[in-house]
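Spelled out, the chains give:
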Amino acid sequence: MSYQYVILDLDDTLLDFKKGEAEGLSRVLKNHGVADDELPHVVSIYHQVNRTVWTEIEQGSDRKMLLNQRFTRLFKQLGRPVDDLLGSQIESDYRAFLNNNYAIIEGARQLLERLSAKNLTLIAGTNGSQETQENRLKHTQLGQYFDSVFISEAVGYAKPSKKFYQPIFKHYPKMDHNNAIMIGDSLNSDIAGAHNSAIDSIWFNPSGMENTSLVKPKFVAKTYNDILSILV
């Protein structure tokens, strides 16, 4: 099948979100009283809280409100409750670290260069904060490869909602369910979102995770070369 429009997720598909997340979490938690020997346990709880928050966001709940509650929920579970004002301040501190995470997954730039050379229309389609994602695209210089960028905060809906993809289809009148494909690392947002919008998908799965979900991608790629073999 020939694809013309390629929608790419950013975090952990092209940008190394996990690296910035780990560094930012460690620093912000230490700044708010978490000792070094507590960090692994607290970070584990944070990830549980964060998954719950993003599930609620992806189901349509208020994004800004929920993100501002992440650390309030975390410290409540730790038995060290903080008020909403402090919780939102901790979130703001954490967001500042994420805004300055410019780590790129090795080979991502070369992937975009190869896809661009084939005259494919590359579209960034990502969940997250508009300021964070635009800042990272600018400073990594990956933004130059994209024809357009769609970010959930600006769109008003997060993947996997079909409504996230509707503005993309509207922006590209010639894009249809046969010539568009989604690439991303998340089964629950990227691949499920593609399914909800009736377009094909490539699950970028470098760690070789087993798919035990009901979400089935059209293709699975362990490497960027695998993606290239599908598209070019």
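The structure under discussion appears in the preceding block.
Residues numbered from 1 in each chain as written. Predicted model: local features only at pLDDT ≥ 70, side-chain atom pairs only at ≥ 80, totals over all residues. Heavy atoms only, no water.

**Description of the environment of glutamine 144**
Here is the rule: A helix here means a DSSP run of H or I that spans at least four residues, while a strand means a run of E at least two residues long, and both kinds are numbered starting from the N terminus. Any pair of nitrogen or oxygen atoms within 3.5 Å is treated as a polar contact; in protein, a donor-acceptor pairing is required on top of that, and neighbouring residues in sequence qualify only through side-chain atoms on both sides.
Structurally, the position occupied by glutamine 144 is in the loop between helix 6 (130-140) and strand 3 (148-151). Counting along the chain gives 73 residues from glutamine 144 to phenylalanine 71, while the straight-line C-alpha distance between them is 34 Å. Among the polar contacts listed, one links the side chain of glutamine 144 to the backbone oxygen of glutamine 141, at a separation of 2.8 Å.

**Regarding the side chain of serine 129**
Test applied: Contact criterion: two residues are considered in contact whenever any of their non-hydrogen atoms come within 4.5 Å of each other.
Looking at the element boundaries, serine 129 is found in the loop between strand 2 (121-126) and helix 6. At a separation of 3.4 Å, a polar atom in the side chain of serine 129 contacts the main-chain amide nitrogen of glutamate 131. In this structure, serine 129 is in contact with Arg63, Arg95, Ile151 and Glu153, ignoring residues within four places of it in sequence.

**Observations concerning the pattern of salt bridges**
It is possible for side chains bearing opposite charge to pair when their charged atoms get close. Let me state the cut-off plainly: Any Lys or Arg side-chain nitrogen found within 4 Å of a carboxyl oxygen on Asp or Glu counts as a salt bridge.
Across all of its chains, the model carries 10 salt bridges by this definition. Lysine 18 is paired through a salt bridge with aspartate 12; the nearest N and O atoms lie 3.1 Å apart. Note that glutamate 38 is salt-bridged to arginine 80, the shortest N-O span being 2.2 Å. Of the two residues, glutamate 38 is situated in the loop between helix 1 (17-31) and helix 2 (39-58) and arginine 80 in the loop between helix 3 (63-77) and helix 4 (84-99); the sequence distance between them amounts to 42 residues. Salt bridges linked by common partners bring Asp9, Lys159 and Asp190 together as one network.

**Notes on unusual backbone geometry**
Stated formally: For each residue, the accessible area found with a 1.4 Å probe, counting protein chains only, is set against the maximum for its type, and the residue is called buried under 20%, exposed over 50%, and partly exposed in between.
Omega for the bond connecting lysine 159 with proline 160 falls within 30 degrees of zero, at 20°, which places this linkage in the cis form. Looking at the secondary structure, you find proline 160 in the loop between helix 7 (152-155) and helix 8 (162-171). Here the phi dihedral of aspartate 12 falls at roughly 65°; this positive angle occurs in a residue that is not glycine. As for its placement among the helices and strands, aspartate 12 is situated in the loop between strand 1 (5-8) and helix 1. For aspartate 12, a relative accessible area of 14% corresponds to the buried category.

**Structural notes on helix 1**
Formally: By this rule, a helix spans an expected 1.5 Å times one less than how many residues it contains. The reported arc concerns the directions from the helix axis to the C-beta atoms and nothing else.
Between the first and last C-alpha of helix 1 there are 21 Å, a value that for 15 residues agrees with the 21 Å anticipated at 1.5 Å per step. Taken residue by residue, helix 1 has Phe17, Gly20, Glu21, Gly24, Leu25, Val28 and Leu29 as its buried positions. All buried residues of helix 1 project into a common sector of 140° when viewed along the axis, lining one side. Tucked into the core, helix 1 has its buried residues touching helix 2, helix 3, helix 4 and helix 6.

**So, the nonpolar core**
For soluble globular proteins, nonpolar side chains are generally found buried alongside one another. Selection rule: By nonpolar core we mean a set of buried residues, namely Ala, Val, Leu, Ile, Met, Phe, Trp, Tyr and Cys, connected to one another through side-chain atoms within 4.5 Å.
Counting 26 residues, the largest nonpolar core has Leu14, Leu122, Phe146, Ile227 and Leu231 as its most contacted members. Only strand 1, helix 5 (108-117), strand 2, strand 4 (180-184), strand 5 (200-204) and helix 10 (224-231) provide two or more residues apiece to this core. Beyond its immediate sequence surroundings of up to four residues, isoleucine 227 is in contact with Leu111, Ile183, Ile202, Phe204 and Ala221. Counting residues in each nonpolar core, the second largest holds 24 residues, with Ile57, Leu74, Leu78 and Tyr94 among its members.

**Some words on the packing of helix 5 against helix 10**
Heads up, the rule is: For every element, the axis is a line fit to its C-alpha atoms; helices are fit only across the contacting stretch, and the angle between N-to-C directions ranges from 0 to 180 degrees. An angle counts as roughly parallel when it lies under 35 degrees, as roughly antiparallel when it exceeds 145, as roughly perpendicular when it falls between 65 and 115, and as oblique in every other case. Lys, Arg, Asp and Glu make up the charged group, whereas Ala, Val, Leu, Ile, Met, Phe, Trp, Tyr, Cys and Pro make up the nonpolar group; the residues left over, Gly among them, are polar.
Running from amino to carboxyl end, helix 5 crosses helix 10 at an angle of 10°, the nearest separation of the two axes being 10 Å. The angle between the axes of helix 5 and helix 10 places the two elements in the roughly parallel class. Every residue of helix 10 that contacts helix 5 at Ala108, Leu111, Arg114 and Leu115 is listed here: Tyr224, Ile227, Leu228 and Leu231. In the contact of helix 5 with helix 10, the residues fall into 7 nonpolar, no polar and 1 charged.

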